[in-house]
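These are the residues of each chain, in order.
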Amino acid sequence: MRVALFVTCINDLLHPRTGQAVVELLERLGVEVDFPAEQSCCGQPQFNTGYRHATEPLVRRFDRAFRDYEYVVTPSGSCAAMVRDNYPRIGAKAAAEGRGRELTDAAASAVPKTYELTEFLVDVLKVTDVGAYYPHTVTYHPTCHGLRMLGLGDRPRRLLAHVKGLELRELPGAEECCGFGGTFAVKNPAVSAAMGADKVRNVLGTGAEAVCTVDNSCLLHIGGTLTRQGSTVRPVHIAEILASTEGSVR
């Protein structure tokens, strides 16, 4: 099986280890991974800020970059949700404005092939035990886009439950937003910081060594709050946990 990795902006610029972990994990499972160089931002910041027309070239670029692949895998619930939930809206709006079906067709091509990593593992590869080893206590925060827009459900937890050496600790108020919300954190910094403080208080209450999510954008917010409080709790993307083996774990 051959798939394309959609690494996303935050991972490319700030968390390259996550993209590397996805490749290591998928290749260990027998999947051939390509990285189309034409890929760029999915357009989520622009769209969420109200600049729909500025998002349209990025929809076209996504379609060009990934057109020849059966599957597109991304370690980001929010970016997967942008493609699957908002690209059809953008196409429908353009068509309603009399600007043709180019964007509608691009969305129709992109939506069924785009998978968040844990979805791809569980739903397509049909695996929950990926041979990982991570001897740490971990608490899992289900991010808003993964929880509410993608409907990831218990897929991430099922994968974590099969990681050798990992002790999963329940996070109080797990389904509450961490406060990042992309441009929400910029527009409403005080509210965002207060929500982040609530999330971190619950994380610390678990006594876990690490907090895990499917989105590094949320980990950026949670991790920053942990650092400002002087905490040693490690924010870690689920891909990095699942890619870890007895010979590589930190």
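Computed from a predicted structure; not experimentally measured.

K.L.:
Is there a simple way to think about the nonpolar core in this case?
P.N.:
Buried together is how nonpolar side chains tend to be arranged in soluble globular proteins. Counting residues in hydrophobic clusters, the biggest one holds 39 residues, and the most contacted among them are Leu26 and Ile241. At the level of elements, strand 1 (2-5), helix 2 (16-28), helix 5 (77-96), helix 7 (117-124), strand 5 (137-140), helix 9 (155-161), strand 7 (210-213) and helix 13 (238-243) are the ones that each hand at least two residues to this core. If you count residues domain by domain, this core takes at least three from each of domain 1 (3-124) and domain 2 (137-243). Every residue in contact with isoleucine 241, bar those within four places of it in the chain, is listed here: Ala132, Tyr134, Val138, Leu160, Val163, Leu166, Cys212 and Val236. Judged by nonpolar contacts, the second largest core, of 20 residues, contains Ala4, Phe47, Met82 and Ala107.

K.L.:
How should I be thinking about helix 4 (residues 52-66) in this particular structure?
P.N.:
For an α-helix, 3.6 residues make a turn, and residues three or four places apart therefore share a direction. Taking 1.5 Å of rise per residue, 15 residues should cover 21 Å, and helix 4 covers 21 Å from first to last C-alpha, within 8% of that figure. When we look at burial in helix 4, the residues that qualify are Arg52, Thr55, Glu56, Leu58, Val59, Phe62, Asp63, Ala65 and Phe66. Taken together, the buried residues of helix 4 touch strand 1, helix 3 (44-48), strand 3 (72-74), helix 5, helix 6 (102-110) and strand 4 (114-116).

K.L.:
Can you help me understand the sheet that holds strand 5 in this one?
P.N.:
Sheet strands line up and pair through hydrogen bonds in the backbone, either parallel or antiparallel. Strand order in the open sheet formed by four strands is 6-5-7-8, with parallel pairing between adjacent strands. Edge positions in the open sheet fall to strand 6 (167-169) and strand 8 (234-237), since each of these has one partner strand only. Averaged over all pairs of adjacent strands, the angle between strand axes in this sheet comes to 35°, irrespective of strand direction. Summarising the sheet, strand 5 and strand 7 pair through three bridges and their orientation is parallel. Note that in strand 7 the partner of threonine 139 across the bridge is valine 211.

K.L.:
Looking at this structure, how should I read the side chain of threonine 213?
P.N.:
Summarising the element assignment, threonine 213 is placed in strand 7. Engagement of the side chain of threonine 213 in a polar contact is seen with the backbone oxygen of aspartate 215, the distance being 2.8 Å.

K.L.:
Can you walk me through the UniProt feature "domain: Cysteine-rich" (unreviewed entry) in the protein chain in this structure?
P.N.:
The positions UniProt marks with the feature "domain: Cysteine-rich" (unreviewed entry) are residues 3-83 and 138-222. For residues 3-83, the end-to-end C-alpha separation is 17 Å, with 56% helix and 11% strand making up the annotated structure. Between the C-alpha atoms that bound residues 138-222 there is a distance of 14 Å. The span itself is 51% helix and 12% strand.

K.L.:
Help me out: how do you make sense of the packing of helix 5 against helix 6 in this one?
P.N.:
A packed helix pair is summarised by two numbers, namely the angle formed by the two axes and the spacing between the axes. Their axes nearest at 7 Å, the elements helix 5 and helix 6 cross at an angle of 160°. Relative to helix 6, the element helix 5 lies roughly antiparallel. Between helix 5 and helix 6 the crossing geometry is left-handed. Here Val83, Tyr87, Pro88, Ile90, Gly91, Ala92, Ala94 and Ala95 of helix 5 come into contact with helix 6, specifically with Leu103, Thr104, Ala107 and Ala110.

Cut-off values and rules
- Residues numbered from 1 in each chain as written.
- Predicted model: local features only at pLDDT ≥ 70, side-chain atom pairs only at ≥ 80, totals over all residues.
- Heavy atoms only, no water.
- Core = buried A, V, L, I, M, F, W, Y, C linked by side-chain atoms within 4.5 Å.
- Buried < 20%, exposed > 50% of the residue type's maximum accessible area, 1.4 Å probe, protein only.
- Helix = DSSP H or I, 4+ residues; strand = E, 2+ residues; numbered from the N terminus.
- Domains from an automatic or database assignment.
- Contact = heavy atoms within 4.5 Å.
- Expected span 1.5 Å × (residues − 1).
- Pairing = 2+ DSSP bridges.
- Axes fitted to C-alpha atoms, helices over the stretch in contact; angles between N-to-C directions.
- Polar contact = N/O pair within 3.5 Å; in protein donor to acceptor, adjacent residues only side chain to side chain.
- UniProt positions renumbered as here; feature names shortened; annotations may be inferred.
- Parallel < 35°, antiparallel > 145°, perpendicular 65-115°, else oblique.
- Left-handed = near helix turned anticlockwise from the far one by under 90°.

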